[in-house]
Amino acid sequence: MILRILGSGSADGIPAFFSNDRVSEHARRHGGKDVRTRSGALVDGHIKIDLPPDTLLQLQRDGLRASDWSALVFTHSHDDHFSYPELQYAFFPFNDNLFAPFAIYANAFILSEIAGYYPDWPLELHETRSFVPFRHAGYTITPVRAEHLEDEDSQNLMIDDGERTLLYATDTGWWPEVTWNFLKGRRLDLLVLECTEAFQPTDYHGHLDAETFLRALDRLRRQGTVDDGTVVCTTHHSHSGNATHDELERFFRPRGVLVGFDGMELEI
Ligand SMILES: [Zn+2]
Ligand SMILES: [Zn+2]
């Protein structure tokens, strides 16, 4: 499998929308891997994860086609992952499609939001629930529960193609015990894990920082979910984490962790 990180930033991106802090200014000057759009990913070129408001820019930047998507899988309803107005461009009159060319998989809250906005749209909608696997195009996709939103089943996504398994985990928070237990005894070939708050932790429960990232990784190693053969990579970085790409690399590289960036491809 190949996972492409289309966006590696958190809600307001880097350089941040309305911030001129050190990390944003550094990114404005240096460009490259320091520029992070809102988080999304693409598996094997056709399973799209989340629909951030930067999706069009990401496709244009990487020379990709949304018409290649077979599925759009949502993790949760925060604006940086669920930019629902973008869905309208999948249809007539913007093109000749009379029906969405991809299936949408999402939790009950997101489906109710879509139904509220666009009750008559020709979309193939499937409800997802944490720990309930579903099949799509030969893949088994298992959402696992994140500790991120109180009143919604926010999910991280385990994707298995029959040979390899990856876990894409933005907006995780510190997982509840039920998630740790579910992951126990399952081995990952690739773990993409959020590091939103990097070197500046906050009191918000729904994200990880550099230290909690390492604590989570250590626990995953001890319980056999991650081993020496697992590729581990960060994503969903905020300017508020006070870390440039180089600073993140200096911290994570000696610990065997890759630092994600926009356009990065991870092959397992
Ligand atoms: Zn997010
Ligand atoms: Zn979120």
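Preceding this paragraph is the structure being described.
Thresholds applied
Residues numbered from 1 in each chain as written. Chains lettered and ligands numbered in written order. Predicted model: local features only at pLDDT ≥ 70, side-chain atom pairs only at ≥ 80, totals over all residues. Pairing = 2+ DSSP bridges. Helix = DSSP H or I, 4+ residues; strand = E, 2+ residues; numbered from the N terminus. Right-handed = clockwise from strand over helix to strand, strands pointing away. Axes fitted to C-alpha atoms, helices over the stretch in contact; angles between N-to-C directions. Contact = placed C-beta atoms within 7 Å. Core = buried A, V, L, I, M, F, W, Y, C linked by C-beta atoms within 7 Å. Buried ≥ 20, exposed ≤ 12 C-beta atoms within 10 Å, placed from the backbone.

### Considerations on the pairing of strand S6 (residues 124-127)
Examined bridge by bridge, strand S5 (residues 103-106) and S6 share four bridges and lie parallel to one another. If you follow Tyr 105 over to S6, its bridge partner there is His 126. Of the crossover connections in this fold, the one passing from S5 over helix H3 (residues 108-117) to the parallel S6 is right-handed.

### Description of the sheet that holds strand S2 (residues 40-43)
Taken together, seven strands build an open sheet; the order of strands is S6-S5-S4-S3-S2-S1-S13 and the sheet is mixed. If you trace the sheet from one side to the other, it starts and ends with S6 and strand S13 (265-267), each paired once. Taken pair by pair, the neighbouring strands of this sheet meet at an average axis angle of 20 degrees, ignoring direction. Of the strand pairs in this sheet, S2 and strand S3 (residues 47-49) are connected by three bridges, and their pairing is antiparallel. Counted as the bridge partner of Leu 42 is Lys 48 from S3. Where H3 meets the sheet, it contacts S5 and S6, and its direction lies at approximately 150 degrees from that of S6.

### Brief notes about the pairing of strand S8 (residues 139-145)
One ladder, built from three bridges, connects strand S7 (residues 134-136) with S8; its direction is antiparallel. Along S8, the bridge assignment pairs Phe 134 with Ile 141. The loop that links S7 with its antiparallel partner S8 comprises two residues; one of these, Ala 137, has a positive phi angle of about 50 degrees.

### Observations regarding unusual backbone geometry
Between Ile 14 and the following residue, Pro 15, the backbone shows a cis peptide bond with an omega angle of -5 degrees. Along the polypeptide, Pro 15 turns up in the loop between strand S1 (2-7) and helix H1 (22-30). Within the chain, Asn 242 stands out as a residue other than glycine whose phi angle is a positive 55 degrees.

### Details of the sheet that holds S7
The strand order S7-S8-S9-S10-S11-S12 describes an open sheet built from six strands, whose pairing is mixed. In this open sheet, the two edge strands, each paired with only one partner strand, are S7 and strand S12 (231-235). The sheet shows a mean angle of 20 degrees between the axes of neighbouring strands, taken without regard to direction.

### Things to note about the nonpolar core
Soluble globular proteins: nonpolar side chains tend toward being buried together. Formed by 56 residues in total, the largest nonpolar core has its most connected members in Leu 3, Ala 41, Val 73, Tyr 168, Leu 191 and Val 192. With five residues, the single largest contributor to this core is helix H5 (residues 210-222). Those residues in contact with Val 73 that sit more than four places away from it in its chain are Ile 47, Ile 49, Tyr 105, Ile 141 and Leu 157.

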